[in-house]
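Chain residues, written in single-letter form:
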Amino acid sequence: MGRWTDINQKMGMKLFFIIFIFIQVSVCLATDRYEIRIPLSGVYQVFPADLDNDKGLDLIVLHRKADELQFHSSRLVSLFFQQSNNFKPNPDVQYKADMQDIIIDWADCNGDGFTEFFIIRPESIVSWSPQLPDSIIPVLSSTSIFSGADSDRMVHWPFLWDVNQDSSLEIILNQKQGLDIYSKDSLDHYRFSIRLDMRFKHTLIQEKSLILQTCLPQIVLKEMNRDNWPDIVAVFDDRLAVFTSQIQPDMIDDETFLSSQEIQFAIEDPHLSMLEALAPTDMSIEVEDLNRDGYSDVILSRASKASFTKTLSQLQIYFSRRGQFQTLPDQVLMAENFYGDHAIADFNHDGRKDMALLQFPIGLVGAAKFLLTRRIKYGFDIYLQTPNGQFNNEPDQQLRFIRHSKIRNVLKPEFFTFADWNGDHLLDLLVNIDHQRIVCFIQKDVDEFSKKPDFEINIPVSPHFWIGDLNKDRQADLVFWYENPGEIRCLISGSN
């Protein structure tokens with residue numbers, strides 16, 4: 001009896017030691033980050049950017065209308081400069097916006113290593129520099145389709161682009177007839193260069209009165225024809241407008257763009273059932289070089305909800321053929337429990353982009369359980385791109401987790417992202433399981449995630465977040481911001 005007791009004690013000690021080591025490793029992975037908290041009223045958008053060219057990312061904070069007694073202004077831009085992997089509790093510099101300020105964008109426009117801010121007003125564009133915080137410099141006199149200012153806030157809208165790759169930024173303004181491009185002349189002044197014609201989509205909306213709303217496209221620079229010069233692509237929710245460029249002269253003019261084309265996709269699939277055709281549809285378009293051939297391809301997400309327990313959705317993939325696309329997709333990933341949330345990344349390090357589709361396999365039984373427990377099963381289906389440029393019809397791996405949710409946001413988690421959390425150069429999955437906890441699935445080997453979460457991170461979860469490398473140590477950092485109460489919280493890897 002004594003021998004068996006001794007063996008049991010040894011086995012128990014070994015088991016305890018293994019569990020202890022596992023817990024310590026998990027805690028180390030989860031807590032190898034220090035937290036910085038910045039109390040700040042009225043915050044609604046945060047953008048990390050290297051403002052002072054010191055290789056560390058700083059924070060640009062755009063405010064909503066806030067407590068005027070505290071800010072002395074209802075519309076602000078606050079800048080926090082990173083110093084020794086930390087941020088001060090108060091802004092280093094603030095821009096008190098004029099009530100005419102509408103759109104803001106930023107870049108190093110003069111090549112001095114410091115970021116300038118350009119601001120669109122109803123009839124002009126002005127610039128502001130953190131190095132000269134009391135000076136507003138006129139840049140351009142021009143009206144744009146942004147005709148009025150929101151008294152509550154400014155918004156960020158990218159309009160500074162290096163179209164001809166000469167290290168001098170151009171201004172691209174939305175106009176009623178299309179896009180107007182302004183470039184610098186020999187005196188370093190912005191002058192009108194060319195107008196790119198395109199048609200916009202207009203919708204009537206009923207608020208206090210009937211308003212005609214113009215749906216503006218997202219502007220991106222992408223390589224569409226493999227001539228080593230970026231092309232201007234206007235991304236709408238149902239089509240692309242592509243302006244193909246040639247080797248650029250010093251000034252952009254009518255000879256800059258060889259051609260323009262509008263690419264329409266098979267938004268309305270002719271094989272849809274009547275139930276699908278009547279279901280409300282949410283669509284989005286992304287432009288990515290999926291198969292590493294130098295041409296940008298198109299991914300169209302078509303998420304259609306047929307009922308609370310069933311979706312009839314698909315991810316349509318259009319591969320570029322030397323800059324040309326077929327009307328019908330090259331491949332369709334059918335996702336019956338898909339609401340459009342997905343990630344595109346190279347999970348297995350083969351140079352080709354893979355897909356991760358957020359699945360919502362609830363069913364009638366799951367719906368009944370959710371109403372009783374407020375807990376529901378979610379998961380990601382991961383599709384790896386094969387060497388022939390296609391995706392398998394069935395997912396290569398499935399990740400599943402249980403989440404506690406409120407009814408109003410049951411259809412999607414507030415937070416999910418794929419990022420290298422532990423510095424092993426493999427992407428990991430972080431996703432929230434309730435409003436206070438995030439779980440992390442570590443990718444153990446190429447294209448093989450843990451079946452169960454490796455550890456938890458305890459932090460209030462917000463749908464407003466950024467993940468990236470703040471302190472340039474090659475590990476992901478996490479920034480959350482909360483409107484109410486106003487606060488920014490940063491989880492930064494390393495020691496402080």
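One can find the structure itself at the top, above this paragraph.
Let us look at the structure shown here. Values in this document were obtained by computation on a predicted structure and should not be read as measured data.

### Quick look at the overall build of the chain
Link 1 in the chain: Within the chain, the regular secondary structure consists of four helices and 38 strands.
Link 2 in the chain: Within the chain, buried positions represent 50% of all 496 residues.
Link 3 in the chain: If you take every contact in the chain between residues at least 6 apart in sequence, the share linking residues at least 24 apart comes to 48%.
Link 4 in the chain: Counting only carbon and sulfur atoms, one obtains 53% of the accessible surface of the chain, whose full area is about 24500 Å².

### Here's the deal with the environment of D238
Link 1 in the chain: Tracing the backbone through its elements, the reader meets D238 in the loop between β18 (231-235) and β19 (239-245).
Link 2 in the chain: A C-alpha to C-alpha distance of 9.1 Å links D238 and I263, two positions 25 residues apart in sequence.

### Here we look at the sheet that holds strand β35 (residues 455-458)
Link 1 in the chain: On the basis of which strands lie adjacent, the open sheet formed by four strands has the order β30-β31-β32-β35 and antiparallel pairing. Every interior strand has two partners, whereas the edge strands, β30 (416-419) and β35, have only one. Here the average twist between neighbouring strands, direction ignored, is 25°.
Link 2 in the chain: The sheet contact formed by strand β31 (residues 428-432) and strand β32 (residues 437-441) spans four bridges and is antiparallel. By the bridge assignment, L430 is partnered in β32 with C440.

### Some thoughts on the packing of aromatic side chains
Link 1 in the chain: Considering all chains together, one arrives at 18 aromatic pairs under this definition.
Link 2 in the chain: Between W106 and F117, the aromatic rings sit 5.7 Å apart at their centres with planes inclined by 50°, giving tilted as the arrangement. Highlighted residues: W106 in strand β6 (residues 103-107) and F117 in strand β7 (residues 116-121), separated in sequence by 11 residues.
Link 3 in the chain: A ring pair is formed by F380 and F418, whose centres lie 5.3 Å apart and whose planes are at 80°; its orientation type is edge-to-face. Of this pair, F380 sits in strand β28 (residues 375-383) while F418 sits in strand β30, and the two are 38 residues apart along the sequence.
Link 4 in the chain: Owing to a relative accessible area of 0%, F380 belongs among the buried residues under this scheme.
Link 5 in the chain: Clustering of aromatic rings is evident, with ring pairs tying together F47, Y95, W106, F117 and W128.
Link 6 in the chain: Taking the ring centre of W421 as reference, the NZ or CZ of R33 above it sits at 3.5 Å.

Reading the values: the criteria
Residues numbered from 1 in each chain as written. Predicted model: local features only at pLDDT ≥ 70, side-chain atom pairs only at ≥ 80, totals over all residues. Heavy atoms only, no water. Helix = DSSP H or I, 4+ residues; strand = E, 2+ residues; numbered from the N terminus. Buried < 20%, exposed > 50% of the residue type's maximum accessible area, 1.4 Å probe, protein only. Contact = heavy atoms within 4.5 Å. Areas by Shrake-Rupley, 256 points an atom, 1.4 Å probe, with all protein chains shown as cover. Pairing = 2+ DSSP bridges. Axes fitted to C-alpha atoms, helices over the stretch in contact; angles between N-to-C directions. Phe/Tyr/Trp six-rings, centres within 6.5 Å; stacked < 30°, edge-to-face > 60°. Lys NZ or Arg CZ within 6 Å of the ring centre and 35° of its normal.

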